[in-house]
Amino acid sequence: MSTLVFYSEFDSFEEWSALLAPHLPGVTICRAETVQNPAEVHYALTWKPPHGFFAPYRNLKLLVNLGAGVDSLVGRDDLPDIPIIRLSDPDMARMMAGYVLFAVLRYARDIPAFEHAQREQRWHYLHPRKPSDIRVGVLGLGELGAYTAQELVRQGFDVRGWSRSPKVMTGIRCSSGLASLNDFLSQSDILVVMLPLTPHTAGLLSAERLSHLPFGAAFINVSRGAIVDQAALTAALQSGQIAEATLDVFDREPLPPDDPLWRMDNVLITPHLASVAIPASAALQVAENIQRAARGESVTNQVFPERGY
């Protein structure tokens, strides 16, 4: 007998259980608090489990991470050396691309200026700019970043991409390596941060790095707050070095009520929802990987937390 243990404060146990059960006969699916025999827990489906969560499950064979980011699994002493997979769900990629496209278009079409004018009951005309005249930098060209960059190309923007290792993508000016990062930032009228959080990317966007953005640039972060020096970002938004920001992630979440970002007219805040797991489209992929692990076969979409991807 095998058990799959579920933990997430954000995802629906009932929905995941109902979708997985038909594909996993003989596997009991339950929350951690209802596990009868920890020795029978062979699989885990989790998102940001608390410290020590995995300690009772010494026969764990596979961990499924309910999302793209794996930074919460780095440096844990309760996690055995087992395969870890992440959801590779086209609906997640479309959701992320839709959020970024909304944020980019909002700045490209000067919507914040019209929002301010409306509050002042003031008719304010700004002539629309051509997308091809707006340089959008996508910082991070992994699965979600690459998909998003291609969507932006389809909208006609001048898209540039940066990654740690070289990439070649049609219609996108790609650069790689730390030596090229400042130059990449200097050519990003709108910067979209889509890097995974790793020891190499934590604090990457320091005050000095942010100073390379064109004066009055727009800033969008949909990856992890810790990639950015949040105090430096706040100062840049206050000075006008960065004119506007859309922030879905922060160095502390939830963002504390006294944080100055809440009160800034040039900041749009959302609660870490740019892209979330869609059970209906990902359940079959999860079930197939559990079946592979049960047969002793290699799994797909394996990730390595210390690398961040």
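Named according to an unreviewed UniProt entry, the protein chain is Glyoxylate/hydroxypyruvate reductase A originating from Kosakonia oryziphila.

### Let's talk about the sheet that holds strand E1 (residues 2-7)
With mixed pairing, 6 strands are arranged side by side in an open sheet as E2-E1-E3-E4-E5-E13. Here the strands that pair on one side only, and so sit at the sheet edges, are strand E2 (27-31) and strand E13 (302-303). In this sheet, strand E3 (residues 41-46) lies alongside E1 in parallel orientation, the contact comprising 5 bridges. Considered in E3, the bridge of Val-5 is made with Ala-44. Against the sheet, helix H1 (residues 13-20) contacts E1, E2 and E3, and its axis sits at roughly 175° relative to E2.

### Focus: the UniProt feature "domain: D-isomer specific 2-hydroxyacid dehydrogenase NAD-binding" (unreviewed entry) in the protein chain
According to UniProt, the positions carrying the feature "domain: D-isomer specific 2-hydroxyacid dehydrogenase NAD-binding" (unreviewed entry) are residues 103-274. Taken end to end, residues 103-274 is 27% helix and 19% strand, and its first and last C-alpha atoms sit 10 Å apart.

### Some details on the pattern of salt bridges
Counted under the stated rule, the structure contains 13 salt bridges. Put simply, Asp-91 and Arg-94 hold a salt bridge, and the shortest N to O gap is 2.4 Å. In this pair, Asp-91 and Arg-94 both sit in helix H2 (residues 90-108), 3 residues apart, roughly one turn of the helix. Residues joined in a network through salt bridges with shared partners are Asp-158, Arg-160 and Arg-173.

### Notes on the packing of aromatic side chains
Taken as a whole and assessed by the stated rule, the structure comprises 5 aromatic pairs. Judged by centre distance (6.3 Å) and plane angle (70°), the ring pair of Tyr-99 and Phe-102 falls under edge-to-face. Within this pair, Tyr-99 and its partner Phe-102 are both found in helix H2, separated by 3 residues, close to a single helical turn. Look at Phe-102 and you get partly exposed, because its relative accessible area is 42%. Each residue in the set Tyr-7, Phe-53, Phe-54 and Tyr-57 is aromatic and connected to the rest through ring pairs, giving one cluster. Positioned over the ring face of Phe-304 is Arg-307, at 4.3 Å from the centre of the ring.

### What to know about the pairing of E1
Regular strands show a simple pattern: their side chains alternate between the two faces of the sheet. Where burial is concerned, most of E1 is hidden: 6 out of the 6 residues are buried. Judged by which residues are buried, E1 turns out to be covered on both faces: Ser-2, Leu-4 and Phe-6 on one side and Thr-3, Val-5 and Tyr-7 on the other are all buried. Here E1 pairs with E2 via 5 bridges, running parallel. Within the sheet, the bridge partner assigned to Phe-6 lies in E2 and is Arg-31. Crossover E1 to E2 through H1 is right-handed.

Rules of the game
- Residues numbered from 1 in each chain as written.
- Predicted model: local features only at pLDDT ≥ 70, side-chain atom pairs only at ≥ 80, totals over all residues.
- Heavy atoms only, no water.
- Pairing = 2+ DSSP bridges.
- Helix = DSSP H or I, 4+ residues; strand = E, 2+ residues; numbered from the N terminus.
- Contact = heavy atoms within 4.5 Å.
- Axes fitted to C-alpha atoms, helices over the stretch in contact; angles between N-to-C directions.
- UniProt positions renumbered as here; feature names shortened; annotations may be inferred.
- Salt bridge = Lys/Arg side-chain N within 4 Å of Asp/Glu carboxyl O.
- Phe/Tyr/Trp six-rings, centres within 6.5 Å; stacked < 30°, edge-to-face > 60°.
- Buried < 20%, exposed > 50% of the residue type's maximum accessible area, 1.4 Å probe, protein only.
- Lys NZ or Arg CZ within 6 Å of the ring centre and 35° of its normal.
- Right-handed = clockwise from strand over helix to strand, strands pointing away.

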